[in-house]
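Residue-level listing of the chains:
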Amino acid sequence: MEEKETKILAKNLIELVEKFGDIEIENVEIRADELTLILQPITSSLEQAPHLVSRVIEKEIETLLVAEFSPPIEVYPGEIAEVQIGATKSDGGSRRKVVKIGGAKSMPFYSFEATDQNKPVLAVDVFDMPIKLAKSVKQHFKDVMEDPAEWAKKYVEDFDAEIVSLNLISTDPLIKDTSVKDAAKTVEQVLQAVDVPLIIGGSGNKAKDPLVLEAAAEVSSGERCILNSANADNDYKKIVKAAKQYGHSVIAFTPMDINNQKKLNRYLLDEGLPKEQIIMDPTTAALGYGLDYTLSLMERIKLAGLLGDSDLQMPIVAPTSNAWGAREAWMKSEEWGPRELRGPLWETITTITVMMSGGDLFMSSHPATLRVVKKMMQNLYGEVESEQRTQDWISEIQG
(Lines give C-alpha, C1' and ligand atoms only; values in the text may rest on other atoms or scores of the structure.)
Protein backbone atom coordinates (compact mmCIF):
# COMPACT_ATOMS: atom_id res chain seq x y z
CA MET A 1 0.00 0.00 0.00
CA GLU A 2 1.34 3.38 -0.94
CA GLU A 3 2.01 5.98 1.78
CA LYS A 4 -0.70 8.23 0.42
CA GLU A 5 -3.24 5.40 0.56
CA THR A 6 -2.13 4.57 4.12
CA LYS A 7 -2.73 8.13 5.30
CA ILE A 8 -6.17 8.14 3.69
CA LEU A 9 -7.01 4.81 5.40
CA ALA A 10 -5.81 6.11 8.77
CA LYS A 11 -7.80 9.31 8.40
CA ASN A 12 -10.94 7.34 7.52
CA LEU A 13 -10.47 5.02 10.51
CA ILE A 14 -10.07 7.95 12.92
CA GLU A 15 -13.19 9.63 11.56
CA LEU A 16 -15.13 6.41 12.12
CA VAL A 17 -13.83 6.07 15.68
CA GLU A 18 -14.70 9.69 16.42
CA LYS A 19 -18.20 9.14 15.08
CA PHE A 20 -19.06 5.75 16.66
CA GLY A 21 -16.66 5.51 19.63
CA ASP A 22 -15.19 2.23 18.36
CA ILE A 23 -15.32 0.13 15.20
CA GLU A 24 -15.28 -3.58 14.63
CA ILE A 25 -13.96 -5.00 11.37
CA GLU A 26 -15.25 -8.39 10.29
CA ASN A 27 -15.40 -10.52 7.17
CA VAL A 28 -12.25 -8.94 5.84
CA GLU A 29 -10.20 -10.89 3.33
CA ILE A 30 -6.65 -9.87 2.56
CA ARG A 31 -4.75 -11.35 -0.37
CA ALA A 32 -1.11 -10.58 -0.55
CA ASP A 33 2.22 -12.32 -1.11
CA GLU A 34 3.69 -10.37 1.76
CA LEU A 35 1.95 -8.28 4.44
CA THR A 36 3.65 -5.57 6.47
CA LEU A 37 1.72 -3.67 9.14
CA ILE A 38 3.03 -0.18 9.83
CA LEU A 39 1.29 1.41 12.84
CA GLN A 40 3.34 4.59 13.04
CA PRO A 41 1.14 6.68 10.70
CA ILE A 42 -1.93 5.84 12.83
CA THR A 43 -0.08 6.56 16.08
CA SER A 44 1.10 9.91 14.79
CA SER A 45 -2.41 10.65 13.65
CA LEU A 46 -3.75 9.85 17.12
CA GLU A 47 -1.20 12.20 18.62
CA GLN A 48 -2.70 14.88 16.42
CA ALA A 49 -6.15 14.08 17.81
CA PRO A 50 -5.73 14.34 21.63
CA HIS A 51 -9.48 14.68 22.10
CA LEU A 52 -9.84 11.14 20.75
CA VAL A 53 -7.22 9.79 23.18
CA SER A 54 -9.05 11.52 26.01
CA ARG A 55 -12.31 9.82 25.01
CA VAL A 56 -10.60 6.42 24.99
CA ILE A 57 -9.06 6.98 28.48
CA GLU A 58 -12.38 8.15 29.89
CA LYS A 59 -14.01 5.01 28.67
CA GLU A 60 -11.36 2.82 30.36
CA ILE A 61 -11.86 4.64 33.68
CA GLU A 62 -15.60 4.04 33.50
CA THR A 63 -14.90 0.34 33.11
CA LEU A 64 -12.64 0.32 36.18
CA LEU A 65 -15.23 2.12 38.29
CA VAL A 66 -17.83 -0.56 37.77
CA ALA A 67 -15.37 -3.44 38.26
CA GLU A 68 -15.91 -5.50 41.40
CA PHE A 69 -12.92 -6.12 43.72
CA SER A 70 -12.67 -9.04 46.08
CA PRO A 71 -9.63 -9.05 48.41
CA PRO A 72 -7.63 -12.28 48.28
CA ILE A 73 -8.46 -14.31 51.39
CA GLU A 74 -5.68 -16.41 52.88
CA VAL A 75 -6.73 -19.22 55.19
CA TYR A 76 -3.90 -20.38 57.43
CA PRO A 77 -3.78 -23.89 58.87
CA GLY A 78 -2.20 -22.72 62.15
CA GLU A 79 -3.25 -20.41 64.97
CA ILE A 80 -1.33 -18.41 67.56
CA ALA A 81 -1.96 -19.45 71.16
CA GLU A 82 -3.88 -17.10 73.40
CA VAL A 83 -2.19 -16.01 76.63
CA GLN A 84 -4.10 -14.48 79.52
CA ILE A 85 -2.27 -11.90 81.63
CA GLY A 86 -3.67 -11.18 85.07
CA ALA A 87 -6.46 -12.82 87.06
CA THR A 88 -9.58 -11.34 88.58
CA LYS A 89 -11.07 -12.41 91.90
CA SER A 90 -13.15 -15.07 90.15
CA ASP A 91 -9.91 -16.51 88.68
CA GLY A 92 -8.13 -16.54 92.05
CA GLY A 93 -6.36 -13.19 91.64
CA SER A 94 -7.04 -9.57 92.55
CA ARG A 95 -6.79 -7.70 89.24
CA ARG A 96 -9.57 -5.39 88.09
CA LYS A 97 -9.54 -6.99 84.66
CA VAL A 98 -7.43 -9.38 82.60
CA VAL A 99 -5.68 -8.82 79.29
CA LYS A 100 -5.52 -11.45 76.54
CA ILE A 101 -2.98 -11.45 73.74
CA GLY A 102 -2.39 -13.79 70.80
CA GLY A 103 -5.11 -15.97 69.34
CA ALA A 104 -4.33 -14.69 65.83
CA LYS A 105 -5.53 -16.58 62.77
CA SER A 106 -4.05 -14.14 60.25
CA MET A 107 -1.48 -11.37 60.03
CA PRO A 108 -1.99 -8.15 62.03
CA PHE A 109 -4.95 -5.97 61.01
CA TYR A 110 -6.08 -8.34 58.23
CA SER A 111 -9.63 -7.95 59.49
CA PHE A 112 -11.00 -9.10 56.14
CA GLU A 113 -9.43 -12.52 56.75
CA ALA A 114 -10.20 -13.09 60.42
CA THR A 115 -12.26 -11.25 63.01
CA ASP A 116 -12.41 -11.37 66.78
CA GLN A 117 -8.64 -11.37 67.21
CA ASN A 118 -7.12 -9.90 70.36
CA LYS A 119 -5.75 -6.40 69.92
CA PRO A 120 -2.09 -5.55 70.64
CA VAL A 121 -1.48 -4.19 74.15
CA LEU A 122 1.03 -1.73 75.61
CA ALA A 123 2.76 -2.22 78.96
CA VAL A 124 4.77 0.52 80.69
CA ASP A 125 8.22 0.27 82.25
CA VAL A 126 8.69 0.80 85.98
CA PHE A 127 11.98 0.21 87.82
CA ASP A 128 12.68 -0.66 91.45
CA MET A 129 15.21 2.16 91.77
CA PRO A 130 15.86 5.52 90.11
CA ILE A 131 17.71 5.08 86.84
CA LYS A 132 19.04 7.36 84.17
CA LEU A 133 16.17 8.20 81.86
CA ALA A 134 15.85 10.55 78.90
CA LYS A 135 14.79 13.99 80.11
CA SER A 136 11.49 13.90 78.23
CA VAL A 137 10.53 10.66 80.04
CA LYS A 138 11.93 11.61 83.45
CA GLN A 139 9.96 14.85 83.63
CA HIS A 140 6.75 12.83 84.05
CA PHE A 141 8.02 10.60 86.89
CA LYS A 142 10.82 12.38 88.74
CA ASP A 143 8.62 12.76 91.85
CA VAL A 144 7.89 9.01 92.14
CA MET A 145 11.09 7.32 90.96
CA GLU A 146 12.18 6.48 94.51
CA ASP A 147 9.05 4.35 94.99
CA PRO A 148 8.18 1.72 92.33
CA ALA A 149 4.67 1.30 93.74
CA GLU A 150 3.94 5.03 93.32
CA TRP A 151 5.61 4.98 89.91
CA ALA A 152 3.28 2.20 88.76
CA LYS A 153 0.27 3.92 90.33
CA LYS A 154 0.99 7.16 88.48
CA TYR A 155 1.20 5.32 85.17
CA VAL A 156 -2.16 3.64 85.75
CA GLU A 157 -4.07 6.59 87.22
CA ASP A 158 -2.64 9.45 85.14
CA PHE A 159 -1.91 7.71 81.83
CA ASP A 160 -4.36 4.79 81.80
CA ALA A 161 -1.72 2.04 81.56
CA GLU A 162 -3.19 -1.44 81.06
CA ILE A 163 -0.15 -3.48 82.18
CA VAL A 164 2.87 -2.58 84.34
CA SER A 165 6.26 -4.07 83.56
CA LEU A 166 8.25 -4.03 86.82
CA ASN A 167 12.02 -4.33 86.33
CA LEU A 168 13.94 -5.45 89.44
CA ILE A 169 17.29 -4.17 88.22
CA SER A 170 18.59 -3.36 91.73
CA THR A 171 18.99 -7.10 92.32
CA ASP A 172 22.03 -7.13 90.04
CA PRO A 173 25.11 -7.89 92.20
CA LEU A 174 26.99 -5.14 90.35
CA ILE A 175 24.32 -2.50 91.10
CA LYS A 176 22.75 -2.84 94.56
CA ASP A 177 22.58 -6.59 94.96
CA THR A 178 19.13 -6.25 96.51
CA SER A 179 18.18 -9.51 98.18
CA VAL A 180 15.67 -11.93 96.71
CA LYS A 181 13.48 -11.39 99.77
CA ASP A 182 13.42 -7.60 99.36
CA ALA A 183 12.74 -7.93 95.64
CA ALA A 184 9.72 -10.09 96.43
CA LYS A 185 8.47 -7.38 98.84
CA THR A 186 8.66 -4.84 96.03
CA VAL A 187 6.52 -7.09 93.86
CA GLU A 188 3.93 -7.32 96.63
CA GLN A 189 3.89 -3.53 97.07
CA VAL A 190 3.32 -2.91 93.37
CA LEU A 191 0.56 -5.51 93.23
CA GLN A 192 -1.18 -3.77 96.13
CA ALA A 193 -0.74 -0.30 94.60
CA VAL A 194 -2.30 -1.07 91.20
CA ASP A 195 -5.04 -3.37 89.95
CA VAL A 196 -3.72 -4.05 86.45
CA PRO A 197 -1.75 -7.17 85.38
CA LEU A 198 2.00 -7.30 86.05
CA ILE A 199 5.11 -8.32 84.13
CA ILE A 200 8.01 -9.07 86.50
CA GLY A 201 11.53 -8.73 85.14
CA GLY A 202 14.92 -9.36 86.68
CA SER A 203 18.17 -7.50 86.17
CA GLY A 204 19.57 -9.61 83.36
CA ASN A 205 22.01 -11.38 85.69
CA LYS A 206 21.86 -14.99 84.55
CA ALA A 207 22.76 -16.43 87.96
CA LYS A 208 20.44 -14.34 90.12
CA ASP A 209 17.42 -13.82 87.86
CA PRO A 210 16.04 -17.37 88.28
CA LEU A 211 16.16 -16.96 92.08
CA VAL A 212 14.52 -13.53 91.94
CA LEU A 213 11.79 -14.68 89.56
CA GLU A 214 11.14 -17.79 91.62
CA ALA A 215 10.53 -15.67 94.75
CA ALA A 216 8.45 -13.16 92.78
CA ALA A 217 6.34 -15.97 91.36
CA GLU A 218 5.59 -17.25 94.86
CA VAL A 219 4.44 -13.90 96.33
CA SER A 220 2.26 -13.22 93.28
CA SER A 221 0.73 -16.69 93.21
CA GLY A 222 -2.60 -16.76 91.41
CA GLU A 223 -2.19 -13.35 89.75
CA ARG A 224 -1.16 -14.83 86.38
CA CYS A 225 1.85 -12.56 85.97
CA ILE A 226 4.52 -12.76 83.25
CA LEU A 227 8.04 -13.78 84.34
CA ASN A 228 10.68 -11.97 82.28
CA SER A 229 12.64 -13.89 81.19
CA ALA A 230 13.89 -17.43 80.52
CA ASN A 231 16.74 -17.88 78.09
CA ALA A 232 19.29 -20.49 77.08
CA ASP A 233 21.96 -18.98 79.37
CA ASN A 234 20.06 -18.94 82.65
CA ASP A 235 18.37 -21.68 84.67
CA TYR A 236 15.20 -21.65 82.60
CA LYS A 237 14.06 -24.91 84.20
CA LYS A 238 13.78 -23.20 87.62
CA ILE A 239 11.78 -20.33 86.07
CA VAL A 240 9.46 -22.72 84.25
CA LYS A 241 8.96 -24.76 87.41
CA ALA A 242 7.96 -21.62 89.36
CA ALA A 243 5.60 -20.52 86.57
CA LYS A 244 3.86 -23.90 86.57
CA GLN A 245 3.67 -24.08 90.37
CA TYR A 246 2.25 -20.58 90.91
CA GLY A 247 0.25 -20.14 87.70
CA HIS A 248 2.27 -17.62 85.68
CA SER A 249 3.51 -17.32 82.09
CA VAL A 250 7.10 -16.96 80.90
CA ILE A 251 8.83 -14.78 78.32
CA ALA A 252 11.29 -16.78 76.18
CA PHE A 253 14.08 -14.42 75.17
CA THR A 254 16.53 -15.00 72.29
CA PRO A 255 18.90 -12.58 70.54
CA MET A 256 17.31 -12.14 67.11
CA ASP A 257 17.50 -15.62 65.60
CA ILE A 258 14.44 -17.58 64.54
CA ASN A 259 16.12 -20.97 64.92
CA ASN A 260 17.30 -20.19 68.47
CA GLN A 261 13.81 -18.92 69.30
CA LYS A 262 12.31 -22.14 68.04
CA LYS A 263 14.83 -24.20 70.03
CA LEU A 264 14.21 -22.30 73.29
CA ASN A 265 10.45 -22.59 72.88
CA ARG A 266 10.87 -26.32 72.46
CA TYR A 267 12.93 -26.46 75.69
CA LEU A 268 10.13 -24.75 77.61
CA LEU A 269 7.47 -26.97 76.05
CA ASP A 270 9.50 -30.05 76.96
CA GLU A 271 9.51 -28.86 80.58
CA GLY A 272 5.72 -29.06 80.52
CA LEU A 273 4.88 -25.36 80.05
CA PRO A 274 2.00 -25.10 77.54
CA LYS A 275 1.97 -22.68 74.62
CA GLU A 276 -0.71 -20.70 76.43
CA GLN A 277 1.91 -19.74 79.06
CA ILE A 278 4.78 -18.76 76.73
CA ILE A 279 5.45 -15.38 75.09
CA MET A 280 8.36 -14.96 72.67
CA ASP A 281 10.84 -12.08 72.83
CA PRO A 282 13.01 -12.38 69.70
CA THR A 283 14.67 -8.98 70.47
CA THR A 284 13.56 -5.57 69.33
CA ALA A 285 16.12 -3.47 67.50
CA ALA A 286 14.65 0.00 67.45
CA LEU A 287 14.52 2.65 64.76
CA GLY A 288 18.06 3.68 63.97
CA TYR A 289 19.87 0.47 64.73
CA GLY A 290 18.17 -2.42 63.02
CA LEU A 291 14.40 -1.95 62.97
CA ASP A 292 14.29 -3.57 59.52
CA TYR A 293 15.80 -6.77 60.95
CA THR A 294 13.18 -6.85 63.68
CA LEU A 295 10.40 -6.29 61.17
CA SER A 296 11.61 -9.15 58.98
CA LEU A 297 12.19 -11.54 61.89
CA MET A 298 8.81 -11.00 63.54
CA GLU A 299 6.96 -11.40 60.25
CA ARG A 300 8.78 -14.68 59.60
CA ILE A 301 7.97 -15.96 63.08
CA LYS A 302 4.32 -14.97 62.87
CA LEU A 303 3.90 -16.47 59.40
CA ALA A 304 5.67 -19.69 60.44
CA GLY A 305 3.24 -20.09 63.34
CA LEU A 306 0.21 -19.41 61.15
CA LEU A 307 1.49 -21.88 58.58
CA GLY A 308 1.58 -24.61 61.20
CA ASP A 309 4.96 -24.58 62.97
CA SER A 310 3.81 -25.53 66.48
CA ASP A 311 7.10 -24.38 68.05
CA LEU A 312 6.43 -20.79 66.96
CA GLN A 313 2.72 -20.46 67.75
CA MET A 314 3.11 -18.12 70.72
CA PRO A 315 2.44 -14.36 70.99
CA ILE A 316 5.36 -11.92 70.60
CA VAL A 317 6.46 -9.28 73.09
CA ALA A 318 8.58 -6.29 72.01
CA PRO A 319 10.40 -3.95 74.42
CA THR A 320 10.01 -0.93 72.18
CA SER A 321 11.46 1.33 74.89
CA ASN A 322 14.76 0.10 73.42
CA ALA A 323 14.22 3.06 71.07
CA TRP A 324 15.69 5.29 73.78
CA GLY A 325 19.03 3.55 73.21
CA ALA A 326 19.38 5.34 69.87
CA ARG A 327 21.17 8.65 70.27
CA GLU A 328 18.72 10.28 67.85
CA ALA A 329 16.00 9.79 70.48
CA TRP A 330 17.66 11.80 73.24
CA MET A 331 20.78 13.67 72.11
CA LYS A 332 20.58 17.44 71.97
CA SER A 333 20.94 18.68 68.39
CA GLU A 334 19.52 21.81 66.79
CA GLU A 335 19.85 20.16 63.38
CA TRP A 336 17.60 17.22 64.42
CA GLY A 337 14.95 19.33 66.06
CA PRO A 338 13.64 19.40 69.65
CA ARG A 339 14.46 16.18 71.48
CA GLU A 340 11.33 16.55 73.62
CA LEU A 341 9.36 15.76 70.47
CA ARG A 342 11.94 13.58 68.71
CA GLY A 343 12.30 11.03 71.53
CA PRO A 344 8.62 10.01 71.80
CA LEU A 345 8.38 10.01 68.01
CA TRP A 346 11.29 7.57 67.91
CA GLU A 347 9.59 5.23 70.36
CA THR A 348 6.17 5.60 68.74
CA ILE A 349 7.41 4.80 65.23
CA THR A 350 9.31 1.79 66.58
CA THR A 351 6.15 0.55 68.33
CA ILE A 352 3.89 1.01 65.30
CA THR A 353 6.36 -0.74 62.99
CA VAL A 354 6.71 -3.73 65.30
CA MET A 355 2.94 -3.83 65.79
CA MET A 356 2.47 -4.14 62.02
CA SER A 357 5.10 -6.89 61.92
CA GLY A 358 3.25 -9.22 64.28
CA GLY A 359 4.00 -7.96 67.79
CA ASP A 360 1.28 -8.56 70.39
CA LEU A 361 2.60 -6.90 73.55
CA PHE A 362 4.86 -3.84 73.83
CA MET A 363 6.86 -2.30 76.66
CA SER A 364 7.17 1.46 76.31
CA SER A 365 8.30 4.40 78.45
CA HIS A 366 6.81 7.69 77.31
CA PRO A 367 3.15 8.57 78.04
CA ALA A 368 2.83 10.09 74.57
CA THR A 369 3.71 6.75 72.97
CA LEU A 370 0.98 5.11 75.03
CA ARG A 371 -1.58 7.74 74.05
CA VAL A 372 -0.78 7.91 70.32
CA VAL A 373 -0.48 4.16 69.70
CA LYS A 374 -3.72 3.39 71.57
CA LYS A 375 -5.56 6.01 69.54
CA MET A 376 -4.10 4.71 66.30
CA MET A 377 -5.22 1.17 67.15
CA GLN A 378 -8.73 2.44 67.83
CA ASN A 379 -8.76 4.02 64.39
CA LEU A 380 -7.41 0.91 62.69
CA TYR A 381 -10.03 -1.27 64.39
CA GLY A 382 -12.79 1.17 63.46
CA GLU A 383 -13.70 1.83 67.09
CA VAL A 384 -13.70 5.60 66.62
CA GLU A 385 -14.44 7.88 63.71
CA SER A 386 -11.49 10.02 62.81
CA GLU A 387 -10.66 12.70 60.31
CA GLN A 388 -7.12 12.82 61.59
CA ARG A 389 -4.48 14.11 59.22
CA THR A 390 -0.81 13.20 59.28
CA GLN A 391 0.22 16.52 60.78
CA ASP A 392 -2.37 16.01 63.52
CA TRP A 393 -0.89 12.61 64.30
CA ILE A 394 2.51 14.19 64.81
CA SER A 395 1.10 16.91 67.04
CA GLU A 396 -0.48 14.21 69.26
CA ILE A 397 3.02 13.51 70.57
CA GLN A 398 3.05 16.93 72.19
CA GLY A 399 -0.23 16.21 73.96
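Residues numbered from 1 in each chain as written. Predicted model: local features only at pLDDT ≥ 70, side-chain atom pairs only at ≥ 80, totals over all residues. Heavy atoms only, no water.

**Q** Mind showing me how you'd approach the overall build of the chain here?
**A** Regarding its fold elements, the chain presents 14 helices and 10 strands. For the chain, the residues scored as buried account for 47% of the 399 residues in total. Counted over contacts in the chain with a minimum sequence separation of 6, partners at least 24 positions apart contribute 69%. Carbon and sulfur atoms make up 50% of the accessible area of the chain, which amounts to about 21,700 Å² in all. (Helix = DSSP H or I, 4+ residues; strand = E, 2+ residues; numbered from the N terminus. Buried < 20%, exposed > 50% of the residue type's maximum accessible area, 1.4 Å probe, protein only. Contact = heavy atoms within 4.5 Å. Areas by Shrake-Rupley, 256 points an atom, 1.4 Å probe, with all protein chains shown as cover.)

**Q** How should helix H12 (residues 339-357) be read in this particular structure?
**A** Given 3.6 residues per turn, any residue in an α-helix points the same way as the ones three and four places further on. Taking 1.5 Å per residue as the helical rise, H12 with its 19 residues ought to reach 27 Å, and the 27 Å between its terminal C-alpha atoms agrees with that figure. Phi turns positive one or two residues past the end of H12, at Gly358, with a value near 125°. (Expected span 1.5 Å × (residues − 1).)

**Q** I would appreciate a short explanation of the sheet that holds strand E6 (residues 226-230) in the present structure.
**A** Pairing between sheet strands relies on hydrogen bonds along the backbone, with the strands arranged either parallel or antiparallel. Within the open sheet, the eight strands sit side by side as E8-E7-E6-E5-E4-E3-E10-E9. Their pairing is parallel. Lying at the two open borders of the sheet, with one neighbouring strand each, are strand E8 (278-281) and strand E9 (317-318). Across the sheet, helix H6 (residues 180-193) lies against strand E4 (163-167) and strand E5 (198-201), angled at about 165° from E5, the strand it touches most. Packed on one face of the sheet, helix H8 (residues 236-246) meets E6 and strand E7 (249-253) and runs near 165° to E6. (Pairing = 2+ DSSP bridges. Axes fitted to C-alpha atoms, helices over the stretch in contact; angles between N-to-C directions.)

**Q** Explain the packing of aromatic side chains to me, please; I cannot follow it from the model alone.
**A** What characterises a pair of aromatic rings is the spacing of the ring centres plus the angle enclosed by the ring planes. For the structure shown, the criterion picks out eight aromatic pairs. Between Phe141 and Phe159, the aromatic rings sit 5.9 Å apart at their centres with planes inclined by 70°, giving edge-to-face as the arrangement. With a gap of 18 residues between them, Phe141 in the loop between helix H4 (135-138) and helix H5 (148-159) and Phe159 in helix H5 connect regions that are remote in the sequence. Judged by its relative accessible area of 0%, Phe141 is buried. (Phe/Tyr/Trp six-rings, centres within 6.5 Å; stacked < 30°, edge-to-face > 60°.)

**Q** Would you take a moment to explain empty space enclosed by the protein for this structure?
**A** Over the atoms a probe the size of a water molecule is rolled, and this reveals where empty space is left. A complete count under the given rule lists two cavities of 30 Å³ or more for this structure. Approximately 40 Å³ is the volume found for the largest cavity. Residues of the lining of the largest cavity, tallied by class, amount to six nonpolar, one polar and one charged. (1 Å grid on protein atoms, 1.4 Å probe; cavity = no way out; pocket = protein on both sides within 12 Å on 5 of 7 lines; lining within 4 Å. Points joined across faces, edges and corners; volume = space filled by probe spheres on them. Nonpolar A, V, L, I, M, F, W, Y, C, P; charged D, E, K, R; others polar.)

**Q** What is the right way to read unusual backbone geometry from this model?
**A** For residues besides glycine, phi is generally negative; the peptide bonds are generally trans as well. Residue Ser229 is bonded to the preceding Asn228 through a cis peptide linkage, with omega at 10°. Non-glycine residue Arg224 carries a positive phi angle of around 50°. Take Arg224: it is sitting in the loop between helix H7 (209-219) and E6. What makes Arg224 partly exposed here is its relative accessible area of 31%. Positive phi values are uncommon outside glycine, yet Met256 reaches one of about 55°. Mapped onto the elements of the fold, Met256 is located in the loop between E7 and helix H9 (258-270).

**Q** Looking at this structure, how should I read the nonpolar core?
**A** Across soluble globular proteins, you tend to see nonpolar side chains buried next to one another. With 72 residues, the main nonpolar core has Trp151, Val164, Val187, Leu198, Ile200 and Leu268 as its most contacted residues. Element by element, the count of residues in this core is highest for H8, at six residues. Ignoring anything within four residues of it in the chain, the contact list for Trp151 reads Asp125, Val126, Phe127, Met129, Leu133, Phe141, Val144 and Met145. Listed in part, the 14 residues of the second largest apolar core include Ile101, Ala123, Ile199 and Ile226. (Core = buried A, V, L, I, M, F, W, Y, C linked by side-chain atoms within 4.5 Å.)

**Q** Help me understand a negative patch on the surface in this model?
**A** Taken together, the side chains of Glu146, Asp147, Glu150, Glu157 and Asp158 make up a negatively charged region of the molecular surface. Mapped onto the fold, Glu146 is located in the loop between H4 and H5. Taking the relative accessible area as the measure of exposure, Glu146 reaches 68% and is therefore exposed. (Patch = residues over 30% accessible without salt bridge, like charges linked within 9 Å, V, L, I, M, F, W, Y side chains within 5 Å. Salt bridge = Lys/Arg side-chain N within 4 Å of Asp/Glu carboxyl O. Lys, Arg positive; Asp, Glu negative; His and termini not counted. Charge placed at Lys NZ, Arg CZ, Asp CG, Glu CD.)

**Q** Any chance you could explain the packing of H7 against H8 here in plain terms?
**A** Axis angle and axis distance: for two packed helices, these are the angle between their axes and the distance between the axes, and together they describe the pair. Where H7 meets H8, the closest approach of the two axes is 9 Å, and the angle between their N-to-C directions is 0°. Here H8 runs roughly parallel to H7, going by the angle between their axes. Contacts between H7 and H8 pair Pro210, Leu211, Leu213, Glu214, Ala217 and Glu218 from the former with Lys238, Ile239, Ala242 and Tyr246 from the latter. Residues of the contact of H7 with H8, tallied by class, amount to seven nonpolar, no polar and three charged. (Parallel < 35°, antiparallel > 145°, perpendicular 65-115°, else oblique.)

**Q** Teacher, can you tell me more about the pattern of salt bridges here?
**A** Using the criterion set out here, one finds 14 salt bridges in the structure. In this structure, Glu223 engages Arg95 in a salt bridge whose closest nitrogen and oxygen atoms are separated by 3.2 Å. Of this pair, Glu223 sits in the loop between H7 and E6 while Arg95 is found in the loop between strand E1 (82-85) and strand E2 (99-102), placing the two residues 128 residues apart along the sequence. We classify Glu223 as buried; its relative accessible area is 10%. We classify Arg95 as buried; its relative accessible area is 5%. Each of Lys262, Arg266, Asp270, Asp309 and Asp311 takes part in one network of salt bridges that share partners.

Everything listed is a geometric property; what it means functionally is a separate question.
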